[in-house]
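Remarks on the overall topology
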Protein chains: 2
Amino acid sequence: MRKLEELQSLIASSVAELKFPEQPADLYEPIRYILALGGKRMRPALLLMACDLFGGDVEAALPPALAIEVFHNFTLMHDDIMDNAPKRRGKTTVHEKWNSSVAILSGDVMLIEGYKLMMQVPDDKLRTVLDIFNTTAAGVCEGQQWDMTFETSTNISIEEYISMIRLKTAVVLGGALKIGALIGNADMQDAELLCSFGEYLGIAFQLQDDILDVYGNPEKFGKQVGGDILSNKKTYLLIKALELVKGTDAEELGRWITFATFDPAEKVAAVTQIYNSVNIRQHAETEMQAYAEKAFTALDNINLPEESKQYLRNFADGLLVREY
Amino acid sequence: MRKLEELQSLIASSVAELKFPEQPADLYEPIRYILALGGKRMRPALLLMACDLFGGDVEAALPPALAIEVFHNFTLMHDDIMDNAPKRRGKTTVHEKWNSSVAILSGDVMLIEGYKLMMQVPDDKLRTVLDIFNTTAAGVCEGQQWDMTFETSTNISIEEYISMIRLKTAVVLGGALKIGALIGNADMQDAELLCSFGEYLGIAFQLQDDILDVYGNPEKFGKQVGGDILSNKKTYLLIKALELVKGTDAEELGRWITFATFDPAEKVAAVTQIYNSVNIRQHAETEMQAYAEKAFTALDNINLPEESKQYLRNFADGLLVREY
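Predicted model, so just to flag it, every value in this text is computed and none were measured.

This brings us to the state of the cysteines. Taken as a whole and assessed by the stated rule, the structure comprises 0 disulfides over all chains. As a non-bridged cysteine, Cys141 of chain A has Cys141 of chain B as the owner of its nearest cysteine sulfur, 15 Å distant. In this structure Cys141 of chain A comes out as buried when scored by relative accessible area, which is 3%. Cysteine Cys195 of chain B remains unbridged, with the sulfur of Cys51 of chain B as its closest cysteine sulfur at 16 Å. Accessibility expressed as a relative area gives 12% for Cys195 of chain B, which makes it buried.

What follows is the structure, given as structure tokens:
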């Protein structure tokens, strides 16, 4: 079994070698630009990993893995327009460096380039692989739309939130693993179990991200602690708190959400205290653990040697145990 | 052979029956909205026509024909954002009725829905059909980018202009005909000849559109005469005129292009007079006729009964002889 780091660096060098037309420059240069911003290349590496675990040829899985990475960066290019984001990985976003029209159209052609790469699989796998890709891609768009809809909604349930993060974040992990497994000649049942493993793990990972935003060690987490609190982001923590807090705490939480101006440190401290009063961290960790368990249960049922399963368990543990 | 009108109405009723998910509403409702705005459904009708001419099953060609229509409307939804267009077929555009983010994301999922429909072809045709669709789709994006790039360019050549309108307008006609022909079991050579017929016809049609903008009968053309002149649109007429006019006429044309304020009727009259001084209409008609001839030559070489070729000639004549 190849190490994850080895697969990630194989992806990194293959992304760097991807060829797109030179002209029109404003269509294809932004694609080269966003792909060169780097990143952990986790999604395509998972696709290769799945293929490798089932004894498949990792080289044959490279084009669909690159398809997943190109697709992921297409979603980033369009999300950045929608979010009005000025920076991505410390560099100017495409719509800021060029303009929104360029970012829309480059993104469109990236999605098409993703399909071209995804089609580089054997004929007997083509329809199955593309069906998975279609479902995954539409799911990611649905997740992004729910995320935008939730920004202006009240009374989002935990169930709706989990459904949103599943679509927005987790289905692409599951889809990448499923496609990789099938290219590695796994049978459909094992491919679907591995897909479930990826989806549940993705949900657990996102819940962990919600927890780390408030309770993480800022030096290790790498983001501003309390960022979600400051922007009133409807994370698991806020949704659960709104469900649980009563009386004056409920009123106070409601006030903090509506304040247009505030002292950032004060808001983070106050909301965290309200979270603590109803044990939000514990609720979130229990929920995260429940999804991790679902992932491990799916994994247990896959028809793979124990050694391979242990590899995947270690991968999941590494992903979920980021230091607080 | 089925009449074009019959195929268009088959498409119209099938578009009306297309099913998309109900939720998230802001993702799928704009798709239903833009598809309900109507239109001549010419592109998908051409796909059905090609299938029918080669003796194929028109019903089997319906899903890919719908794919072409969904794809075309995806490009309209995104183009309207880029063009800041308030109206489309007399109705509010999607980005105005909802917002830009909704129009970006709905368009994205429309492209994916287009792929889903295009995949509803037999296994033995899947890869070929999708390859054509990929090339067509990327070509349309390239054409749109060139069109935007030309807005701020000077010294565009006629060759560059033809290349742009080929990509932006003509390749989707060619692609639709090619896919339809292959689904009708045409051999690749005939499918490619029919594709060329469609591309050349598309270029001729766009050149005619440029001519009609200045020399058309406003009642029959259905658009404001001189609209391209007023917006300094780099049509065949303007590009050719900039190439041909000399001396004071060249200076005057240059001035009209730079004026920020002007009397519209005066500008249209003055620029038209400059066009007339170098016989622009005749140049454009000669060019248009040359592409029509290329279309007819491709058609002559297709292995189809004379009756079918005559059907296609009549179709082309009907398209190109719009009254002036």
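Here we take up helix H1 (residues 4-17) of chain A. The end-to-end C-alpha distance of H1 of chain A, which contains 14 residues, comes to 20 Å, matching closely the 20 Å that a straight helix rising 1.5 Å per residue would cover. Elements in contact with the buried residues of H1 of chain A: helix H2 (25-35), helix H3 (42-53), helix H4 (62-82) and helix H16 (306-320) of chain A.

Turning next to the domain arrangement of chain A. Residues and elements named next belong to chain A. One can read the domain layout of chain A as domain 1 (1-139) and domain 2 (187-324). Spacing between the C-alpha centres of domain 1 and domain 2 amounts to 26 Å. Between domain 1 and domain 2, the contact holds 12 residues from the first and 12 residues from the second. Carbon and sulfur atoms supply 85% of the area buried between domain 1 and domain 2, which totals about 920 Å² over both sides. By the criterion of area lost to domain 2, the three top residues of domain 1 are Met1, Leu53 and Phe54, representing 58% of everything that side buries. Where domain 1 packs against domain 2, one counts 0 salt bridges. Counting across the interface, domain 1 meets domain 2 through 2 residue pairs in polar contact (both at pLDDT 80 or more). Of all the secondary structure elements, the ones that give two or more residues to the side of domain 1 that touches domain 2 are H1 and H3. Sorting elements by how many residues they give to the side of domain 1 that touches domain 2 places H3 first, with 5 residues. Tallied by class, residues from the side of domain 1 that touches domain 2 come to 9 nonpolar, 1 polar and 2 charged.

Ranked by internal contacts, the top residues of the largest apolar core, which has 250 residues, are Phe197 and Tyr275 of chain A together with Phe197 and Tyr275 of chain B. Three or more residues apiece are contributed to this core by two domains, here domain 1 (1-139) and domain 2 (187-324) of chain A. Contacts of Tyr275 of chain B, omitting those with residues within four sequence positions, involve Val214, Tyr215, Ile229, Leu237, Leu238, Ala241 and Ile280 of chain B.

If you look at the interface, chain B gives 37 residues, while chain A gives 37 residues. Buried surface at the junction of chain B and chain A, summed over both partners, amounts to about 3,400 Å²; 71% is from carbon and sulfur atoms. On inspection of chain B and its partner chain A, the count reaches 2 salt bridges. Among the salt bridges present, the one from Asp123 of chain A reaches Arg127 of chain B, with a minimum N-O distance of 2.7 Å. Counting residues per element, the ones that place at least two in the side of chain B that touches chain A are helix H2 (25-35), helix H4 (62-82), helix H6 (100-118) and helix H7 (123-151) of chain B. With 14 residues, H7 of chain B is the single largest residue contributor to the side of chain B that touches chain A. Of the residues belonging to the side of chain B that touches chain A, the class tally is 24 nonpolar, 6 polar and 7 charged.

According to the stated counting rule, one finds 28 salt bridges over all chains in the structure shown. Here Arg281 of chain A and Glu285 of chain A are joined by a salt bridge, their closest N and O atoms 3.0 Å apart. One end of the pair is Arg281 of chain A and the other is Glu285 of chain A, both in helix H15 (residues 280-300) and 4 residues apart, which spans about a single turn. Assessed through its relative accessible area of 30%, Arg281 of chain A is described here as partly exposed. Overall, the relative accessible area of 29% leaves Glu285 of chain A in the partly exposed class. For Glu113 of chain B, the salt bridge goes to Lys116 of chain B, with nearest N and O atoms at 3.3 Å. Of this pair, Glu113 of chain B and Lys116 of chain B are both found in helix H6, 3 residues apart, which corresponds to roughly one turn of the helix. Residues joined in a network through salt bridges with shared partners are Glu22, Glu29 and Arg32 of chain A.

What follows deals with the relation of the copies chain B and chain A. Relating one copy of the chain to the other takes a rotation about an axis and a shift parallel to that axis. Least-squares fitting of chain B to chain A yields an RMSD of 0.0 Å, with the transformation described by 0.0 Å of translation along the axis and a rotation of 180°. On this basis, the relationship between the two copies can be described by a two-fold rotation axis. By residue overlap, the copies meet face to face through one surface: 100% of the interface positions of chain B are interface positions in chain A.

Quick notes on the rules
- Residues numbered from 1 in each chain as written.
- Chains lettered and ligands numbered in written order.
- Predicted model: local features only at pLDDT ≥ 70, side-chain atom pairs only at ≥ 80, totals over all residues.
- Heavy atoms only, no water.
- Disulfide = S-S within 2.5 Å.
- Buried < 20%, exposed > 50% of the residue type's maximum accessible area, 1.4 Å probe, protein only.
- Helix = DSSP H or I, 4+ residues; strand = E, 2+ residues; numbered from the N terminus.
- Expected span 1.5 Å × (residues − 1).
- Contact = heavy atoms within 4.5 Å.
- Domains from an automatic or database assignment.
- Buried area = accessible area lost by both parts, 1.4 Å probe.
- Salt bridge = Lys/Arg side-chain N within 4 Å of Asp/Glu carboxyl O.
- Polar contact = N/O pair within 3.5 Å; in protein donor to acceptor, adjacent residues only side chain to side chain.
- Nonpolar A, V, L, I, M, F, W, Y, C, P; charged D, E, K, R; others polar.
- Core = buried A, V, L, I, M, F, W, Y, C linked by side-chain atoms within 4.5 Å.
- Least-squares fit on C-alpha atoms with pLDDT ≥ 70 in both.

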